[in-house]
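Now for the letters of each chain:
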Amino acid sequence: MDERTAVTVVHNEGASRFETIVDGHLGFADYVRQGNTITFTHTEVPDAVQGQGIGNDLARAALDYARAENLAVVPRCTFIAAYVREHREYQSLVRPAG
């Protein structure tokens, strides 16, 4: 099994998203923050770099940020919702969409 290169994810607060660039391709996880709630709305990884765990890296960085900021998470993005279901350590962050 090949070890993959670690992906650097940055929080672009001005664009309300977490971003990474891999091989010149931008992947991102968009959100809307209102008070103490962060709603993840869309995650996108370009076809050219899919299958490398980039979406997981984005989800982990976004959810770690939510935890550090003590934010309630609303995972409207299907990718983030699936990631939370598969990673129990983030389930306590989730609040129902209201």
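Because the structure is predicted, anything quoted here is derived from the model rather than measured.

Draft legend 1. Up close: the nonpolar core. Residues Phe 18, Ile 38, Phe 40, Leu 63, Val 73 and Ile 80 are the most contacted members of the largest nonpolar core, which totals 23 residues. Those elements that provide at least two residues to this core are β2 (17–22), β3 (25–34), β4 (37–44), α1 (54–68) and α2 (78–86). With seven residues, the top contributor of residues to this core is α1. Those residues within four positions of Val 73 in sequence are excluded, and the remaining contacts are Ile 38, Phe 40, Leu 63, Ala 66, Leu 93, Val 94 and Arg 95.

Draft legend 2. Representation of α1 in the model. Its 15 residues give α1 an end-to-end C-alpha distance of 21 Å, which sits within 8% of 21 Å, the value for a rise of 1.5 Å per residue. For α1, every residue scored as buried is listed here: Ile 54, Gly 55, Asp 57, Leu 58, Ala 59, Ala 62, Leu 63, Tyr 65 and Ala 66. Close packing links the buried residues of α1 with β1 (10–12), β2, β3, β4, β5 (72–75) and α2. Of the residues trailing α1, Asn 70 is marked for its positive phi of about 55°.

Draft legend 3. How the structure looks around the packing of α1 against α2. Following both chains from N to C, one finds α1 and α2 inclined at 75°, their axes separated by 10 Å at the closest point. As summarised for this structure, α1 and α2 are arranged roughly perpendicular, according to the angle between their axes. Of the residues in α2, those touching α1 at Gly 55, Asn 56, Ala 59, Arg 60 and Leu 63 are Phe 79, Ile 80, Tyr 83 and Val 84. Across the contact of α1 with α2, the residue classes break down as six nonpolar, two polar and one charged.

Draft legend 4. Up close: the pattern of salt bridges. Summed over all chains, the structure comprises two salt bridges. One salt bridge connects Arg 17 with Glu 19, and the closest N-O pair in it is separated by 2.6 Å. Across the pair Asp 57 and Arg 60 runs a salt bridge, and its minimum N-O distance is 2.6 Å. Within this pair, Asp 57 and its partner Arg 60 are both found in helix α1, separated by three residues, close to a single helical turn. Arg 60 sits in the partly exposed class, given a relative accessible area of 31%.

Draft legend 5. Local environment of the packing of aromatic side chains. Applying the stated rule across the entire model yields four aromatic pairs. Following the ring pairs from residue to residue traces out a cluster consisting of Phe 18, Tyr 31, Phe 40 and Tyr 65.

Cut-offs used in this document
- Numbering of residues starts from 1 in each chain and follows the order in which that chain's sequence is written.
- A pLDDT threshold of at least 70 governs which residues receive local features in this predicted model, and a stricter bar of 80 or more applies before side-chain atom pairs are shown or counted, although totals over entire chains, interfaces and linings include all residues.
- For side-chain calculations, the full set of non-hydrogen atoms in the structure is used, while hydrogens and water are omitted.
- What makes a nonpolar core is a set of buried Ala, Val, Leu, Ile, Met, Phe, Trp, Tyr and Cys residues whose side-chain atoms join them at distances within 4.5 Å.
- Any residue under 20% of the maximum accessible area for its type is buried, any over 50% is exposed, and the rest in between are partly exposed; the area is computed with a 1.4 Å probe on protein chains only.
- Strands here are runs of E lasting at least two residues and helices are runs of H or I lasting at least four, both read from the DSSP assignment and numbered beginning at the N terminus.
- Between two residues, a contact is recorded if the distance between any of their heavy atoms is within 4.5 Å.
- Under the convention used throughout, the expected extent of a helix is 1.5 Å for every residue step, that is, one less than its residue count.
- Axis angles are defined between N-to-C directions and span 0 to 180 degrees, where every axis is a line fitted to C-alpha atoms and, for a helix, only to the segment in contact.
- Between 65 and 115 degrees an angle is taken as roughly perpendicular, under 35 as roughly parallel, over 145 as roughly antiparallel, and anywhere else as oblique.
- The classification used treats Ala, Val, Leu, Ile, Met, Phe, Trp, Tyr, Cys and Pro as nonpolar, Asp, Glu, Lys and Arg as charged, and all other residues, Gly among them, as polar.
- A pair is scored as a salt bridge if a Lys or Arg side-chain nitrogen falls within 4 Å of a carboxyl oxygen belonging to Asp or Glu.
- Think of it this way: a Phe, Tyr or Trp ring, Trp meaning its six-membered ring, pairs with another when their centres are within 6.5 Å, and the plane angle makes it stacked under 30 degrees, edge-to-face over 60, tilted otherwise.

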